[in-house]
Structures are given as C-alpha cells and as structure tokens.
Amino acid sequence: MNRTVDVLWTGGWDSTFRVIQLLFHGDDVKPHYICDPGRASTPLEISAIHRISDLLKRKPELEGKLLPVTIVEFSDFEKYSDIEEAYIELMKEHYIGEQYKWISDYCRFNSIESIDISVQNNPFIRKNYSRNDYPFSIIFKGLKFPLITLSKNDMKKWCADHGFLDVIEESWFCHSPTRSGKPCGVCSPCIVVSEEGMGYRLPTSAKIRYHLRIIPRFKNFLKNYPKLYAYLYSLKSK
Ligand SMILES: [Zn+2]
C-alpha cells in the first residue's frame with residue numbers, strides 16, 4: 001500500500017513540484033489549501049490547483065494517487081494560545097510569516113501529524129526547523145520542509161527531465177494579480193520569478209511594470225517621449 005503524504009498546496013511552483021515529486025515516487029498525496037484572508041490571489045491559486053490536478057490525472061507514469069484537495073477558510077479551524085505565544089516568542093528572535101502559526105493551528109485542529117511545506121531558499125527556516133527547543137518545537141512541530149535545499153531551477157530541471165514542465169508551468173505565483181487575472185510583475189513572487197531567470201512566465205504588461213518599478217529613472221526618461229509612455233502605460237493596465 002502506498003504511503004499518504006499531507007502537503008500544503010498553494011498552487012504555486014514549489015508546492016506543485018512537491019506534489020508531482022511525491023506522486024512520481026509512488027506516494028499518495030493529500031493536498032490542503034488554507035485561504036489566506038489578506039490575499040487577492042486565492043481564486044487564481046485554487047483554479048491553478050484544479051487545472052494541475054486535471055493534467056496530473058493524464059500522466060499514467062505517476063504511481064501515486066492524488067486525493068481531493070481540502071480547501072479551508074481561516075475561520076474553519078481553532079487558534080491555540082500556546083501556539084500564538086510560541087509564535088510571538090520566535091518573532092522576538094526573527095521574523096517569520098504568520099502562515100506558520102496558522103499551519104500549526106490547522107494541523108493540531110485536524111490531528112495532522114506531519115505536513116510538507118514547500119519552502120525553499122529560506123536560511124532561517126533551514127537552520128531552525130528541526131530544533132527541539134522552545135519555541136521552535138511548538139511552531140515547527142509536524143512541519144516538514146523537504147525542498148529547503150533546492151532552488152527553483154533544480155525543480156525546473158527535474159520537471160524538464162521527467163516530462164512535467166507543462167504541469168509546473170501551470171502553477172500560480174503572483175500575490176496581487178491584476179483585475180483581469182494576470183500576474184502583476186511587482187509583488188515579491190513576481191520579482192523572484194524575474195530574478196531567477198523565469199521572466200518568460202510574466203505577461204508583457206507585468207514585465208513593463210517590473211521594469212518601471214525597479215528603474216524609476218526609466219519613468220523620468222520616458223516622460224520625454226509621451227507617445228511611448230502612453231503606449232507603455234496602456235499595456236500596463238491591461
Ligand atoms: Zn505579482
């Protein structure tokens with residue numbers, strides 16, 4: 001019988017990679033999606049999850065089974081005061097996102113003993129996630145970080161070598177999409193995509209926004225060319 005692995009699936013690149021990797025190695029995957037109340041990208045992330053799930057079902061080489069995703073609202077699970085206290089204690093030492101606290105709450109509430117969190121490129125988590133002392137023992141209890149030593153390009157290469165590039169490219173990355181549902185080009189995941197050599201995943205409008213943001217002088221320069229400026233501006237709002 002296959003092992004079942006709980007995975008926090010955001011619809012993004014890293015967690016999509018983890019889902020594919022587990023299925024490929026013959027593990028069954030139970031995905032969980034926690035709606036982040038402060039994020040406009042929720043519907044796009046959920047639609048990416050459904051789109052990717054459909055694509056994965058058409059890959060007969062995957063030996064593991066993808067179980068239906070559980071989607072929960074922030075208000076669907078209890079918040080525990082000892083987890084909150086441990087989080088505050090940890091924050092005195094180093095900033096980490098509030099999502100780690102929610103994930104701990106979620107796992108305790110649902111008796112999930114272990115869940116894969118697909119974070120990579122985070123030196124603090126890498127150094128501390130397996131510590132057994134307080135407050136780490138509370139916040140990171142049951143949280144596994146199997147991709148912590150990989151880069152996005154390692155994942156990309158693996159997907160290309162194993163025939164899953166078309167799947168992972170369906171993942172969603174932008175935290176503040178435009179009204180028409182396209183990546184913005186200026187939020188931190190969009191910047192990461194550009195900086196890690198995957199700018200091709202951004203639509204033209206987002207690329208322009210990205211460059212206007214990081215090179216403010218470009219904007220001043222453009223003011224001398226009103227027609228060009230107007231043209232770029234019109235693309236920007238598409
Ligand atoms: Zn963005």
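Structure shown above.
Residues numbered from 1 in each chain as written. Predicted model: local features only at pLDDT ≥ 70, side-chain atom pairs only at ≥ 80, totals over all residues. Heavy atoms only, no water.

Caption draft 1: The coordination of the zinc ion, seen in detail. Taken together, the protein donors to the zinc ion comprise Cys174 (SG), Cys184 (SG), Cys187 (SG) and Cys190 (SG), at separations of 2.3 Å. Written as a sequence motif, the donor residues of the zinc ion are C-x9-C-x2-C-x2-C. Separated by 10 residues along the polypeptide, Cys174 in the loop between α8 (165–168) and α9 (188–195) and Cys184 in the loop between α8 and α9 bring together distant segments of the chain. In this pair, the class of Cys174 matches that of Cys184, namely buried. (Donors = N, O, S within 2.8 Å, 3.2 Å for Na, K, Ca; no water. Helix = DSSP H or I, 4+ residues; strand = E, 2+ residues; numbered from the N terminus. Buried < 20%, exposed > 50% of the residue type's maximum accessible area, 1.4 Å probe, protein only.)

Caption draft 2: Inspection of the pattern of salt bridges at higher detail. Going through the model one piece at a time under the given rule, you end up with 12 salt bridges. With a shortest N-O distance of 2.7 Å, Arg18 and Asp116 are connected by a salt bridge. You can see Arg18 sitting in helix α1 (residues 13–24) and its partner Asp116 sitting in strand β4 (residues 115–116), a full 98 residues away along the chain. On the basis of relative accessibility, which here comes to 12%, the residue Arg18 falls in the buried class. When its relative accessible area of 5% is taken as the criterion, Asp116 is described as buried. Here Lys92 and Glu89 are joined by a salt bridge, their closest N and O atoms 3.1 Å apart. A residue pair is termed a helical-turn pair when its members lie 3 or 4 positions apart in one helix, as Lys92 and Glu89 do in helix α3 (residues 81–93) at three residues. For Glu89, a relative accessible area of 33% puts it in the partly exposed group. Beyond isolated ion pairs, a larger network of salt bridges with shared partners links Glu84, Glu98 and Lys101. (Salt bridge = Lys/Arg side-chain N within 4 Å of Asp/Glu carboxyl O.)

Everything listed is a geometric property; what it means functionally is a separate question.
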